[in-house]
Amino acid sequence: MAKIIIPTPLRKFTGNQASFETNSETVYDAMEALAAAFPEIQKHLFDDQSQIRNFLRIYLGDEDINVLDKEKTSLKADDVLSIIPAIAGGKN
Amino acid sequence: MKEVKFTDQAIEEMHKHLVASYPHEGCGFFYGKIGDRKEIVEIREVENQNKTNPERIFEIAPIDYVKAERYAIENDLDLIGVYHSHPDHPAVPSATDLKFAQPNFSYVIVSIVKGEVAATSSWTLNEANKFIQEQRRKTNNKRLKN
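Residues numbered from 1 in each chain as written. Chains lettered and ligands numbered in written order. Predicted model: local features only at pLDDT ≥ 70, side-chain atom pairs only at ≥ 80, totals over all residues.

### Quick notes on the overall build of chain A
Logical step 1: A tally of regular secondary structure across chain A gives two helices and six strands.
Logical step 2: Scanning chain A from its N terminus toward the C terminus, one meets helices and strands in the order β-β-α-α-β-β-β-β.
Logical step 3: Here the C-alpha radius of gyration of chain A, 13 Å, is about what a compact globule of 92 residues would show, namely 12 Å.
Logical step 4: Each principal axis of the C-alpha distribution contributes one length, and for chain A these read about 45 × 30 × 25 Å.
Logical step 5: Out of the 92 residues in chain A, the part that is buried amounts to 36%.
Logical step 6: Of the contacts formed within chain A by residues at least 6 apart in sequence, a portion of 51% connects residues at least 24 apart. (Helix = DSSP H or I, 4+ residues; strand = E, 2+ residues; numbered from the N terminus. Rg over C-alpha atoms; globule rule 2.2 N^0.38 Å. Buried ≥ 20, exposed ≤ 12 C-beta atoms within 10 Å, placed from the backbone. Contact = placed C-beta atoms within 7 Å.)

### Observations regarding the sheet that holds strand E4 (residues 63–64) of chain A
Logical step 1: Pairing is mixed across the open sheet formed by five strands, whose spatial order is E2-E1-E5-E3-E4 (chain A). Both outer strands of the open sheet, strand E2 (19–22) and E4 of chain A, are each paired with one neighbouring strand and no more.
Logical step 2: When strand E3 (residues 56–60) of chain A meets E4 of chain A, the two strands line up antiparallel, connected through two bridges. Across the sheet, residue Leu60 of chain A finds its bridge partner in E4 of chain A, namely Glu63 of chain A.
Logical step 3: Here helix H1 (residues 27–37) of chain A sits on the sheet and contacts strand E1 (2–5), E2, E3 and strand E5 (80–85) of chain A; the angle it forms with E2 of chain A, its principal contact strand, is near 120 degrees.
Logical step 4: The strands touched by helix H2 (residues 62–74) of chain B are E1, E3, E4 and E5 of chain A; relative to E5 of chain A, the strand with the most contacts, the crossing angle is about 115 degrees. (Pairing = 2+ DSSP bridges. Axes fitted to C-alpha atoms, helices over the stretch in contact; angles between N-to-C directions.)

### Digging into the nonpolar core
Logical step 1: Counting 54 residues, the largest nonpolar core has Ala30 of chain A together with Ala10, Phe30, Tyr31, Ile40, Tyr83 and Val110 of chain B as the members making the most contacts within it.
Logical step 2: Residue contributions to this core peak at five residues, all from strand E6 (residues 106–113) of chain B.
Logical step 3: Excluding residues that lie within four positions of it along the chain, Ala10 of chain B makes contacts with Phe30, Ile40, Val41, Glu42 and Ile43 of chain B. (Core = buried A, V, L, I, M, F, W, Y, C linked by C-beta atoms within 7 Å.)

### Quick look at the sheet that holds strand E7 (residues 116–125) of chain B
Residues and elements named next belong to chain B.
Logical step 1: Read around the closed barrel, seven strands run E1-E3-E2-E5-E6-E7-E8, paired in mixed fashion. When strand polarity is set aside, the average angle formed by the axes of neighbouring strands in this sheet is 40 degrees.
Logical step 2: Helix-sheet contacts for helix H1 (residues 8–21) involve strand E1 (3–7), strand E2 (27–34), strand E3 (38–46), strand E5 (78–87), E6, E7 and strand E8 (131–139), and the interaxial angle to E3 is about 30 degrees.
Logical step 3: Those strands touched by H2 are E2, E3 and E5, and its axis lies near 135 degrees from that of E5.

### Regarding the environment of His17 of chain B
Residues and elements named next belong to chain B.
Logical step 1: Positionally, His17 belongs in helix H1.
Logical step 2: Using a count of 19 C-beta atoms within 10 Å as the deciding quantity, one classes His17 as partly exposed.
Logical step 3: Ignoring any residue separated from it by four or fewer positions in sequence, one finds His17 in contact with Gly26, Gly28 and Glu45.

### Considerations on the confidence of the model for chain B
Residue and element names in this part refer to chain B.
Logical step 1: Model confidence for chain B is summarised by a mean pLDDT of 91, while 95% of its residues fall at 70 or above.
Logical step 2: Between the elements of chain B, mean pLDDT differs from a low of 86, seen in E8, to a high of 97, seen in strand E4 (residues 58–60).
Logical step 3: Prediction confidence for the complex, expressed as pTM and ipTM, is 0.90 and 0.89 respectively. (pLDDT = per-residue confidence, 0-100.)

### Here's the deal with H2 of chain B
Residues and elements named next belong to chain B.
Logical step 1: The end-to-end C-alpha distance of H2 is 19 Å, a good match for the 18 Å that 13 residues give at a rise of 1.5 Å each.
Logical step 2: Within the span of H2, buried status applies to Pro62, Tyr65, Val66, Ala68 and Ala72. Projected down its long axis, H2 carries its buried residues within an arc of 160 degrees, all on one side.
Logical step 3: Downstream of H2 by a residue or two, Asp76 has a phi angle that is positive, lying close to 55 degrees. (Expected span 1.5 Å × (residues − 1). Arc of directions from axis to C-beta.)

### Observations regarding the interface of chain B and chain A
Logical step 1: Of the residues lining the interface, 26 residues belong to chain B; the matching set on chain A comes to 19 residues.
Logical step 2: For the side of chain B that touches chain A, the secondary structure elements donating two or more residues are E4, H2, E5 and helix H3 (95–100) of chain B.
Logical step 3: Within the side of chain B that touches chain A, the residues separate by chemical class into 13 nonpolar, seven polar and six charged.
Logical step 4: The pairing of strand E6 (residues 87–89) of chain A with E4 of chain B spans three bridges and is antiparallel. The residue of E4 of chain B that forms the bridge with Gly89 of chain A is Phe58 of chain B. (Nonpolar A, V, L, I, M, F, W, Y, C, P; charged D, E, K, R; others polar.)

As structure tokens, this is what we get:
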């Protein structure tokens, strides 16, 4: 099964579970499976149009899915997905 | 008020990094253990990826975030939050800080005025998605056990 690494800020919504395993065949399906298992995380992953939030990046191993097939990227059994929140700020 | 504890060493290393980054904003992650309170024992510098306006903005590359999570797992630590500096500006969160703030993370802001540390504060989001200040204390624990 593919594994999703849950970022620390969102673990409160997964009962402090750091990772989630899924048989999903695509990145999008895997994210949906995670949200189905932990409904409180839904709004932090998806916007109102059920798209993955703009501020999130998804990496498959060390590669951004945006340089692969985006949300349609296929998953293999030993793949590791990382959900990455945008980390930025400043006095601006 | 929520509480967050730092070792003297973690504070010193963070201040040293942010003074060296001046007049640009410096940034990094901090690690420790989350129990009844947050105890921070280690900081790690990260490169500010913003190259167009680094005096006012910091950005951390996604791959650096992936590495930070891995480092926490490999060293049996929790990734507790992010620190950054406000050069010649107060140590209070800006609208940009709020825009990108993550739930449950701590955000340490250090005001660097004319190249010297002027103030340090720690913040976290409340249930209403507003920043609230955390009380900052010292801890002598160099390395904490589970």
